[in-house]
2 protein chains.
Amino acid sequence: MGTRDGGYASGRLRREQIVTAATELFSRVGYRHATVLELAQAAGISRTGLLHHFGSKEALLEAVLQRRDAEDAARFDLAAGDQTGLTALAALVELASYNASRPQLVALFAVLSAEASDPDHPAHDYFVQRYRRTVDTVRRSLTRAGEAGLLAPRVEPTRQARAIVALMDGLQVQWLLSPGDVDMADEIRRQVQQLLTVPLPTGP
Amino acid sequence: MGTRDGGYASGRLRREQIVTAATELFSRVGYRHATVLELAQAAGISRTGLLHHFGSKEALLEAVLQRRDAEDAARFDLAAGDQTGLTALAALVELASYNASRPQLVALFAVLSAEASDPDHPAHDYFVQRYRRTVDTVRRSLTRAGEAGLLAPRVEPTRQARAIVALMDGLQVQWLLSPGDVDMADEIRRQVQQLLTVPLPTGP
């Protein structure tokens, strides 16, 4: 029992190490350009060892995407009990601020989301669903703010949700190219603030 | 002389054909993934023939980027004599509308601009300069609109120029993934309109 638990724990740890190494390599050379052999070398294991844990490069990509989503979801869970939507909107600003600390992962998602517009790309369905879900989350927060009487006149939640998500993506591209020219969190805060009649909360 | 002119003209035509084929291939498989041999095959010539016209894959990429910029610059030249900035702002809406007719090129630029955040990427400097120039063009148009008294209260040209460019990029990603969910031109028109106190002109 102790041995089995130990084996399970060490297998899980090994998987986490592989996902970390794959995130770094995908970020640096792009998903399509990374080979299974390079991914294995980056994780310090054999090609066979990597394929034992993840059956294919696609499966490893899926694990990389899922880990980021799990991390980001944990940030938004804090906003779950939020009846006015303001905590969730403030979490967008926090997310932009956190993203500024992980340029490689931001670059990976920017490349992948564009590559994945090809319906044959293994992450196509993932990104289609991810954007629908993200836009819908922001739309619900804006709708709640509207129900609480906190939205500025003529703000349409569905349209603005799409625009805020687009703004975050587009600012990332400008920031990746010229980090010194763009303060992503500050820009998002100001744009979201313009939609509201009350100050956006600060801090997590 | 006639022969030399004919040779020059056919060489130029051949270069244009290669750039067209390269644009299509880069759009489909990405810049990094396309090989010189595949680019030659797509253009219907030999590898040696391609390298005679373009010395390297980087040189061919540069030609692809320059052609798009030349096409887009021609659209904005119409707005050069525009003292209020409104014609140039309306041209952004037209550009979004035109982009909806060329998803492959839009996808290519989305992938490349993200890949190029790596300082070692051959298009890094190109994209850094391109964004600075684009944001500056929009900023000047907004500033002119402000001088003509046509800007809504509290609109800051520099900040909003960056936001509009970001919005266009981010909407492209959402549109590439789910074309039926997003009307890029309509979204840009509404967002730009919110910055103005007069109706944005329609049509070119």
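Residues numbered from 1 in each chain as written. Chains lettered and ligands numbered in written order. Predicted model: local features only at pLDDT ≥ 70, side-chain atom pairs only at ≥ 80, totals over all residues. Heavy atoms only, no water.

Of regular secondary structure, chain A possesses nine helices and zero strands. Counting from the amino terminus, chain A carries its helices and strands in the arrangement α-α-α-α-α-α-α-α-α. Dimensions of chain A, computed from C-alpha atoms along their principal axes, come out at roughly 60 × 45 × 35 Å. Counting across all 204 residues of chain A, residues that qualify as buried make up 49%. For chain A, the share of sequence-separated contacts (at least 6 apart) that also reach a separation of at least 24 residues comes to 65%. As displayed, chain A has an accessible area near 9800 Å², and 52% of this comes from carbon and sulfur atoms. Charge-centre separation for chain A: the mean point of 23 positive side chains lies 3 Å from the mean point of 24 negative side chains. (Helix = DSSP H or I, 4+ residues; strand = E, 2+ residues; numbered from the N terminus. Buried < 20%, exposed > 50% of the residue type's maximum accessible area, 1.4 Å probe, protein only. Contact = heavy atoms within 4.5 Å. Areas by Shrake-Rupley, 256 points an atom, 1.4 Å probe, with all protein chains shown as cover. Lys, Arg positive; Asp, Glu negative; His and termini not counted. Charge placed at Lys NZ, Arg CZ, Asp CG, Glu CD.)

On to the packing of aromatic side chains. All names here are of chain A. Here the structure, examined in full by the defined rule, presents four aromatic pairs over all chains. Judged by centre distance (5.8 Å) and plane angle (70°), the rings of phenylalanine 109 and phenylalanine 127 are edge-to-face. Linking phenylalanine 109 in helix H6 (residues 103-115) with phenylalanine 127 in helix H7 (residues 124-147), this pair joins segments that are 18 residues apart in sequence. Given a relative accessible area of 5%, phenylalanine 109 falls into the buried group. Classification of phenylalanine 127 by relative accessible area gives buried; the value is 0%. Ring centres of tyrosine 126 and phenylalanine 127 lie 5.0 Å apart, and the angle between their planes is 85°; this geometry places the pair in the edge-to-face category. Through pairs of rings, three or more aromatic residues link up here, namely Phe109, Tyr126 and Phe127. When the ring centre of phenylalanine 109 is taken as origin, the NZ or CZ atom of arginine 68, which lies over that ring, is 4.3 Å away. (Phe/Tyr/Trp six-rings, centres within 6.5 Å; stacked < 30°, edge-to-face > 60°. Lys NZ or Arg CZ within 6 Å of the ring centre and 35° of its normal.)

So, about helix H5 (residues 86-99) of chain A. All names here are of chain A. Between its terminal C-alpha atoms H5 stretches 20 Å, which fits the 20 Å expected from 14 residues at 1.5 Å a residue. For H5, the buried fraction is high: ten of the 14 residues fall into the buried class. Taken together, the buried positions of H5 are Leu86, Ala88, Leu89, Ala90, Ala91, Leu92, Val93, Leu95, Ala96 and Asn99. (Expected span 1.5 Å × (residues − 1).)

The subject of this paragraph is the interface of chain A and chain B. Each side of the interface is counted separately: chain A has 42 residues, and chain B has 42 residues. Interface area for chain A against chain B, summed over the two sides, is near 3400 Å², with a carbon-plus-sulfur share of 53%. Counting the contacts that link chain A with chain B gives eight salt bridges. Between B:Glu187 and A:Arg159 there is a salt bridge; the shortest N-O distance is 3.3 Å. Joining chain A to chain B, the criterion identifies eight residue pairs in polar contact (both at pLDDT 80 or more). In terms of residue count, helix H8 (residues 157-177) of chain A provides more of the side of chain A that touches chain B than any other element does, 14 residues in total. For the side of chain A that touches chain B, the class distribution of residues is 19 nonpolar, ten polar and 13 charged. (Buried area = accessible area lost by both parts, 1.4 Å probe. Salt bridge = Lys/Arg side-chain N within 4 Å of Asp/Glu carboxyl O. Polar contact = N/O pair within 3.5 Å; in protein donor to acceptor, adjacent residues only side chain to side chain. Nonpolar A, V, L, I, M, F, W, Y, C, P; charged D, E, K, R; others polar.)

Glancing now at unusual backbone geometry. Residues and elements named next belong to chain A. Backbone geometry at arginine 154 places phi at a positive 65°, although glycine is not the residue there. Along the chain, arginine 154 falls in the loop between H7 and H8. Look at arginine 154 and you get exposed, because its relative accessible area is 76%.

It is worth spelling out the relation of the copies chain A and chain B at this point. The operation relating chain A to chain B is a screw motion whose rotation component is 180°, with 0.0 Å of axial translation and a residual RMSD of 0.1 Å. Such a turn and shift between the copies fits a two-fold axis. In this assembly the copies share their binding face: 100% of the residues contributing to the interface of chain A also contribute to that of chain B. (Least-squares fit on C-alpha atoms with pLDDT ≥ 70 in both.)

In this section: the side chain of A:Lys57. All names here are of chain A. Along the chain, lysine 57 falls in helix H4 (residues 57-77). Side-chain polar atoms of lysine 57 contact the backbone oxygen of alanine 34, separated by 2.7 Å. Beyond its immediate chain neighbours, meaning those up to four positions away, lysine 57 contacts Phe26, Tyr31, Arg32, Ala34, Val36 and Leu39.

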